[in-house]
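# Commentary on secondary and tertiary structure
Chain by chain, the residues run as shown.
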Amino acid sequence: MVRVRYAPSPTGTLHIGGARTALFNFLFARHHQGTMVLRVEDTDQARLIPGSEAAMMEGLRSLGIVWDEGPDVGGAYGPYRQSERRDLYRRYLSQLEASGRAYRCYCTPAELEADRQRQRAQGLPPRYVGRCRSLTPADWAEREGLPYVLRLKVPSQGRTVVQDLIRGAVEFEHAVLDDFVLCKSDGTPVYNFAAAVDDYTMAISHVIRGEEHLSNTPKQILVSQALEFPLPAYAHVPMILAPDRSKLSKRHGATSVEEYRAQGILPEALVNYLLLLGWSPPEEREIMSLAEAIGWFDLARVQKTAAIYDLKKLEWMNGQYLRLLPIERVVDAVRPFLDARGIAVQAGPPLDQVVALTRERARTLVELAENLRFFYEPPQAYEAKGVAKYFEEPAVGERLERVAAALELLATWDHDALAQTFDRLAEELGLKRAQLIHPVRLAVTGRTVGPGLFELLAVLGPGETVHRVRRAAEAVLAGAVPIAD
Ligand code: GLU
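All of the points below concern the structure found in this document. The structure presented is a predicted model; accordingly, all values stated were derived computationally and were not measured.

The rules behind the values
- Residues numbered from 1 in each chain as written.
- Predicted model: local features only at pLDDT ≥ 70, side-chain atom pairs only at ≥ 80, totals over all residues.
- Heavy atoms only, no water.
- Helix = DSSP H or I, 4+ residues; strand = E, 2+ residues; numbered from the N terminus.
- Polar contact = N/O pair within 3.5 Å; in protein donor to acceptor, adjacent residues only side chain to side chain.
- Contact = heavy atoms within 4.5 Å.
- 1 Å grid on protein atoms, 1.4 Å probe; cavity = no way out; pocket = protein on both sides within 12 Å on 5 of 7 lines; lining within 4 Å.
- Points joined across faces, edges and corners; volume = space filled by probe spheres on them.
- Nonpolar A, V, L, I, M, F, W, Y, C, P; charged D, E, K, R; others polar.
- Salt bridge = Lys/Arg side-chain N within 4 Å of Asp/Glu carboxyl O.
- Buried < 20%, exposed > 50% of the residue type's maximum accessible area, 1.4 Å probe, protein only.

### Things to note about the side chain of Ser246
On the secondary structure map, Ser246 appears in the loop between strand S10 (240-241) and helix H8 (257-262). Within polar-contact distance, the side chain of Ser246 engages the side chain of His252 at 3.5 Å. Once residues lying within four places of it in the same chain are set aside, the contact partners of Ser246 are Leu241, Arg251 and His252.

Written as structure tokens, this is what we have:
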């Protein structure tokens, strides 16, 4: 029975690395008809950020990543917040103490600091020196009332081998693992202890997490062995690095699910992009649904090498989804972006028609909102490049007047009737059709690029089109064309 967990610490927002880890766990669980657990690792109360847990859950759900057990949905292995599992930890800590696998350490911060300084001076790695390792329960009784931490008695010889499903066997010499702390003097259990206890008591079969945790795994294995727990399988998924192979950080732009949303990335596209950060499908294909990914997902296809984050690719992927998703879905997704820009769509042409025309050219919802603005707001100014090219000739003003007059008389307002009108007028004026199309596009949209002119006029409607063409004609004739910056 496959049981996996995603175990975020509620110390911020849902980051792309965390979302990817959650996604791989979710896909693995669904592929094997297993169970996905959400465990909130909130033992370190000092680092907690209020609201973070809810924000992370919302971020996951927005991507279609759902869990079967968790603090909000419950389950048979709860509670699912570490802060609510203290009694359980206390029991296992007592067991470790009683069996002699853990010991009380009374070293003061000053003593530990002096040890570290000595080690540094000798060029040695920092490591607990073992001062309290051989104290007996009788010695403990003598120190009654003094603060102490609990440390695991790590065998001084030998090594611990992590059998990783992605990386194979990874060995850690005990000489480099010191007697690490399991529980602080205030009773707070430490991550490596709590995670091992929780993975066992929640019957986790596979621990799938980021490579940055690989060095924690031998410690969790040692805790599990000391408690005689069977081990879960481990799989460490590769790091996500910036294009220059440095650690991904703020300076590389958005890295949280919330920020991507604000920048107009669709969750469908983000999740598809995350899928490819370290995993590849068995088919040569990049665009795939979550359902397809569930069918294919396999740890054997997770790469060992770091995944490189590439914003251009994410935007490309988003552009693909803008074209691919049902119109209504894109309409819903773009609405908040229109609202935020004060683009009022109630009075203008139907939004679904406008989106159908403009989505081809947008990579993000922000771009889409900007690209469709002109359907609802007449241009206040005209693109400089276009003005230089199409509005400089004095005759253009008259031509635009002719276009307006001809369009005003049109009985049927559709693509074909518009095309015919432009053809006829071009012939009358001895011009090529393009010599009318470009200035009219600029007059109507303020821009030089956009959807096909006849499609766009058909949607914009006769009243607004004629009005805009006329306004531009007047501005050109008066030699007072406002230029957009
Ligand atoms: N709370 C840890 C983190 O957020 C989870 C580590 C784990 O998956 O074991 O990085």
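### Re empty space enclosed by the protein
Scanning the model with the defined rule gives two cavities of 30 Å³ or more in all. Quantified by volume, the largest cavity comes out at close to 40 Å³. Every residue along the wall of the largest cavity is listed here: Pro8, Ser9, Pro10, Leu38, Val40, Glu53, Met56, Met57 and Leu60. Taken together, the residues of the lining of the largest cavity break down into seven nonpolar, one polar and one charged.

### Quick notes on the pattern of salt bridges
Going through the model one piece at a time under the given rule, you end up with 38 salt bridges. Its salt-bridge partner being Arg39, residue Glu41 comes within 3.0 Å of it at the nearest N-O pair. Assessed through its relative accessible area of 0%, Arg39 is described here as buried. With its nearest N and O atoms 3.0 Å apart, the salt bridge here joins Arg470 to Glu408.

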